[in-house]
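Each chain is listed here by its residues.
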Amino acid sequence: MCGIVGYVGQRPVQNLLLHGLQQLEYRGYDSAGVSVLSDGDIRSVRAVGKLQNLVDAVEERQPAVATIERPATTGIGHTRWATHGRVNEENAHPHFDTADSVHVVVNGIVENYLALKNRLQDMGAEFTSETDAEVIAHLIAHHLATGDLVEAVRLAYNDLEGHFSFVAMHKDEPELLVGARLECPLIVGVGDGERFLASAVPAFLEHTNRVQFVENGELVAIRPDSTTFMLPDGTPVEREETQLDWDQETAQKGGFETFMLKEIHEQPDAIAETIADRTVRETGVDFGGEFDEDILRNAKRIVIVACGTSYHAGLIGRYAMTEWARMPVAVDIASEYRYSNPVVGPGDVVIGITQSGETADTLAAMRLAQEQGATVLAVTNIMGSQATRDSDGVVYTRAGLEVGVAATKTFICQVAVMYLLALRLAELRGTLEPERLASLVGQLKQLPSTLSELIERLDGAEGQSTGIADKHGRDNFFLFLGRHVGLPVALEGALKLKEISYIPSDAYAAGEMKHGPIALLDEKTPVIVCATDSPVLDKVVSNMQEVRARGAHVIAVATEGNLDIGEHAEEVIRVPKTDWMLQPILAIVPLQMIAYAIARSRGLDIDQPRNLAKTVTVE
Ligand code: M6R
């Protein structure tokens, strides 16, 4: 949550910061601010609401921020997702000390801020916000009495508890930014004669793809020509540079009206990329040494931990691993698992699924399991993310950068990785006939082109999802139903609708409906049912009849060729045929598009839904 960016170099910094923040806005958009340093003077502008308000404010106060004698070339910026303190200008970052000489931008939470604040206030510090973050500026100012900025940040860091990353600058240090990281991400972008420091790579990708990752529990000082890493005790650390193969285009909308729509359309390529080399062998799956396969070979039990959409991918993983590899698998929501005193240890393989690789609860669950002797495998989309460091092995989803807050392409790639792991497990355990294994691998390889045809068919103003939006876009409640792998599809469909259209919706195991939620139904209720071909389809059809008996309106997602379904639904959306276990990858697409079309028809901000942030680095 929150996005931070900093720059030191030769170029005018103001627009660099604003563009960087634009790329980070998905991390929070309650307020934003920049501080720039020129000729021993720090100028700051902050604004409540979307980044555009900051851009307008900067424009208005141009003389105050942009150029004094010469343009500022050092600065920091922030986009906020509020945790402590209301959404107002005083609580927007950057925060500053009493003398207005130290400015900081912070992502995360300072847990001991109240105790520190009281202490600093007793020593004369004057606070201007309700935030926990402001305490960092005063603390650094306090420690400046005994050292330079780098030393003051180091001492301040040692006083702080919580999970955060921050970047600080001082009015008398024109070519220096000092950052620190405890849990929340911080990455250095390395250019020629310039350095960036940001929460995520897109903030500076336009300028450089050379990065250095700040590790958890490290501090970093950037100057135009150097980066210095150190531990909290001051010990210097050497850090290699990594060249990323991302480009700026991926961070732009590429002609689509929103990132979410672009990312829905990227799903065929994303899944193709995810399975590519891993399915070259016709009769099995190869991870090509990406991680030590003894992890799978020695597994006695699998436990999957994740949050939100990633949790839904984990549920599909459980069905696939159970069915194909006959493996005991448990799946838990990471925020529940970490506080459940779980029985976990040697022999268990804990798979943490996290698109961002930074979700606080998932990381905590993974660490807990590792501490108790389990082996931890991370499934993530982000190279170098914390999950990759907190695990014994990593499988990347290769979906490319996802900017839309509502996960789409990363979800289907996570599901694809679940299938790959399940098939490899089945191969290692000898639980699938070679012919069945080959057929599944073959059908998996077909999915990119099938997915492409499906998206083409469902898309556009004349598409079925637009029709459903026209008919039901003003309804007050949606129920989603499914069984077996259809259940996570229903859960994910309901989550998409909630997130971007704000329509209350619930997802239920179809067989459970009669134990409660059926009471919600009346003749106005749209009920979206995942009714793709599967061994439990007959049961799903019975549930559809129960729904219709209450007069509710059934919209079924069904497999092409199954004509009977039409008799049990008011409307049927067809998806191509594939193995029943693989159906979720296709069945989720109409649900993404229905949510999209409804949110669009309601005129909502699809890429940045209210109250949400793409990366949830607080628990
Ligand atoms: O980065 P992660 O996969 O760990 O994120 C987990 C959830 O926050 C995330 O999936 C969230 O539910 C999505 N924005 C939903 O679209």
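Keep in mind it's a predicted model, so treat the numbers as computed, not measured.

So what about the domain arrangement of the protein chain? Which residues, and what values?
Taken domain by domain, the protein chain consists of domain 1 (3-244), domain 2 (258-458) and domain 3 (460-619). The centre of domain 1, based on its C-alpha atoms, is set 43 Å off from the matching centre of domain 3. Between domain 1 and domain 3 lies a buried interface of about 1000 Å² when both sides are counted; carbon and sulfur atoms form 52% of it. Together, Tyr 26, Tyr 29 and Trp 81 form the three largest contributors to the area buried by domain 1 at its contact with domain 3, with a combined 50%. Between the two partners, domain 1 and domain 3, sit one salt bridge. Note that Asp 605 and Lys 50 form a salt bridge whose closest N and O atoms lie 2.2 Å from each other. On inspection of domain 1 and its partner domain 3, the count reaches six residue pairs in polar contact (both at pLDDT 80 or more).

Let's hear about the confidence of the model for the protein chain: which residues, and what values?
Of the residues in the protein chain, 97% reach a pLDDT of 70 or more, and the chain-wide mean stands at 92. Contacts of residues 64-68 to residues separated by more than four positions or lying in other chains number ten contacts, the stretch itself having pLDDT below 50.

Run through the packing of helix H4 (residues 113-122) against helix H5 (residues 134-143), naming residues and quoting values.
Remark: H4 packs on H5, axes separated minimally by 10 Å, with the N-to-C direction vectors making an angle of 50°. By the angle between their directions, the pair H4 and H5 is classed as oblique. The handedness of the crossing between H4 and H5 is left-handed. Where H4 approaches H5, its residues Tyr 113, Leu 116, Lys 117 and Leu 120 are matched on the opposing element by Val 135, His 138, Leu 139 and His 142. Residue composition of the contact of H4 with H5, by class: five nonpolar, two polar and one charged.

Help me get a handle on the nonpolar core, residues and values and all.
If you look at the biggest cluster of nonpolar residues, it comprises 92 residues, and the most contacted ones within it are Ile 302, Met 321, Trp 324, Ile 351, Tyr 419 and Leu 421. A domain split of this core shows at least three residues from each of domain 2 (258-458) and domain 3 (460-619). Residue contacts for Ile 302: discarding those within four places in its chain leaves Met 321, Met 327, Pro 328, Val 329, Ala 330, Val 349, Ile 351 and Leu 425. Counting 35 residues, the second-largest nonpolar core is a separate cluster that includes Tyr 29, Val 34, Ala 47 and Phe 259.

With reference to specific residues and values, describe the sheet that holds strand S12 (residues 218-223).
As summarised here, the arrangement of the seven strands in space is S5-S6-S7-S8-S12-S13-S14, forming an open sheet in which the pairing is antiparallel. The sheet is open, and its two borders are formed by strand S5 (95-96) and strand S14 (236-237), each paired with just one other strand. Where S5 and strand S6 (residues 102-110) come together, two bridges link them in antiparallel fashion. Across the sheet, the residue bridging to Phe 96 is His 103, located in S6.

Summarise the state of the cysteines; cite the residues concerned and give the values.
Tallied over the full model, the rule gives zero disulfides. A disulfide-free cysteine, Cys 413 has its sulfur positioned 19 Å from the sulfur of Cys 530, the nearest such atom. On the basis of relative accessible area, Cys 413 is assigned to the buried category, the value being 0%.

Reading the values: rules and limits
- Residues numbered from 1 in each chain as written.
- Predicted model: local features only at pLDDT ≥ 70, side-chain atom pairs only at ≥ 80, totals over all residues.
- Heavy atoms only, no water.
- Domains from an automatic or database assignment.
- Buried area = accessible area lost by both parts, 1.4 Å probe.
- Salt bridge = Lys/Arg side-chain N within 4 Å of Asp/Glu carboxyl O.
- Polar contact = N/O pair within 3.5 Å; in protein donor to acceptor, adjacent residues only side chain to side chain.
- pLDDT = per-residue confidence, 0-100.
- Contact = heavy atoms within 4.5 Å.
- Axes fitted to C-alpha atoms, helices over the stretch in contact; angles between N-to-C directions.
- Helix = DSSP H or I, 4+ residues; strand = E, 2+ residues; numbered from the N terminus.
- Parallel < 35°, antiparallel > 145°, perpendicular 65-115°, else oblique.
- Left-handed = near helix turned anticlockwise from the far one by under 90°.
- Nonpolar A, V, L, I, M, F, W, Y, C, P; charged D, E, K, R; others polar.
- Core = buried A, V, L, I, M, F, W, Y, C linked by side-chain atoms within 4.5 Å.
- Buried < 20%, exposed > 50% of the residue type's maximum accessible area, 1.4 Å probe, protein only.
- Pairing = 2+ DSSP bridges.
- Disulfide = S-S within 2.5 Å.

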